[in-house]
Amino acid sequence: MATPRRSTTPDDLLAVSWRLEPRDCVLAHLLDQHRFLTTDQIAAVLFTSPRTCRKRLNVLRQIGFIDWFMPVHPSAGRLPVHWVPGRLSARYVALYHGRPAPSSRALRETRDGHPSAATRVGHLAHADGVNQFFIDLLAHSRHHPTARLTRWWSAGRTYAKVDHNTRPDAHGVWTEDGRVVAFFLEHDTGSESHPARAEKLTGYRTLQDKGPAWPVLFWLPSTTIEANLHRHLSGPAGGTLGVLIATAARDHAAAHGGPAGPVWTVVGGGRRRLRLAELPGRPGAEGPFHPGPPQPDEDPLYLLRDDTPPTAV
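Residues numbered from 1 in each chain as written. Predicted model: local features only at pLDDT ≥ 70, side-chain atom pairs only at ≥ 80, totals over all residues. Heavy atoms only, no water.

For the rest of this paragraph, the subject is the sheet that holds strand β8 (residues 179-187). Remark on secondary structure: sheet strands pair via backbone hydrogen bonds, oriented parallel or antiparallel. Strand order in the open sheet formed by six strands is β6-β7-β8-β9-β10-β11, and the pairing between neighbours is mixed. Because the sheet does not close on itself, it has two edges, and the strands there are β6 (147-154) and β11 (265-266). Across seven bridges, the pairing between β6 and strand β7 (residues 170-176) is antiparallel. Paired with Ala147 across the two strands is Glu176, which belongs to β7. Sheet strands touched by helix α11 (residues 223-234): β9 (216-220), β10 (245-249) and β11. Its angle to β10, the strand with the most contacts, is close to 155 degrees. (Pairing = 2+ DSSP bridges. Helix = DSSP H or I, 4+ residues; strand = E, 2+ residues; numbered from the N terminus. Contact = heavy atoms within 4.5 Å. Axes fitted to C-alpha atoms, helices over the stretch in contact; angles between N-to-C directions.)

The following block contains the structure:
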């Protein structure tokens, strides 16, 4: 593990507040909620130039606002730089939400946990893939005024907010051209068997009796795996258990607009591919196991908005 040298800076948020820009604050919230992001992911949603992004991130590291690690694996070599909360961004987010600022020890333990977890390349690749799905949606919305990601919850927040019988990789709400769809995401790296994928549906079936019946999106690595999963779920050994499932393959989506594009196929619904916003999945009303529609400040780019994001029930 390559460990960067860290500049000695004061633990005083006020001392650097004059140097912070709105997108720096957005980045602080994103890192707090999603643990880490790569340079390319940050550039895709907050900058227009990768070079400008790198320069700004280095400035923020130098003043102690954020930090980074570069995992090294014996077979994979050096992996991309991953940015994590720094002591000042952690203080900012805590104060923003009215929480006590984390102690230096608590922050150190949390931050040091990222590189140790990231040495497991499979874990890091999966986490990066989940984040990339939503980064692609945010990047799409930058060029399409009628599109917006109005909620992006991590696995931990989804688990805590929705129901303990399911463990989605993430939850989101996507709006485009007046259509709104809430969904659960299952990011698939290709390492699981089809029975293991089908087994996940049991928890979603239980959830439908208590809370939202949102579609479950299987974000798969290839169209081959996608076709085989459809056959498995349509056969006697599979079955969807009444859960609405839509699949898309990353190799196909790369040339068709990414996850926002017409790349989704509903299991049992024919071969027609739908745009993400065309999938059925209204956010619905809040309840004991139902988080309801997104609130304005749940928009990942809320602090950069000059209007109120659309919501729907």
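Read on for the rest.
Further remarks concern the packing of aromatic side chains. Tallying each qualifying case throughout the model produces twelve aromatic pairs. Ring geometry for Phe36 versus Phe69: centroids 6.0 Å apart, planes at 85 degrees, classification edge-to-face. Within this pair, whereas Phe36 is found in the loop between α2 (22-34) and β1 (37-38), its partner Phe69 is found in strand β2 (residues 66-69), the two being separated by 33 residues in sequence. The same class applies to Phe36 and to Phe69, which are both buried. (Phe/Tyr/Trp six-rings, centres within 6.5 Å; stacked < 30°, edge-to-face > 60°. Buried < 20%, exposed > 50% of the residue type's maximum accessible area, 1.4 Å probe, protein only.)

With 56 residues, the main nonpolar core has Phe65, Phe134, Trp174 and Trp264 as its most contacted residues. In this structure, Ala182, Phe184, Leu229 and Ile245 belong to the second largest nonpolar core, which totals 20 residues. (Core = buried A, V, L, I, M, F, W, Y, C linked by side-chain atoms within 4.5 Å.)

The subject of this paragraph is helix α10 (residues 201-208). Inspection of α10 places Leu201, Gly203, Tyr204 and Leu207 among the buried residues, and these make up the whole buried set. Within α10, the buried residues cover an arc of 155 degrees as seen down the axis, which keeps them to one side. Elements that come into contact with the buried residues of α10 comprise β8, α9 (194-199), β9, α11 and β10. (Arc of directions from axis to C-beta.)

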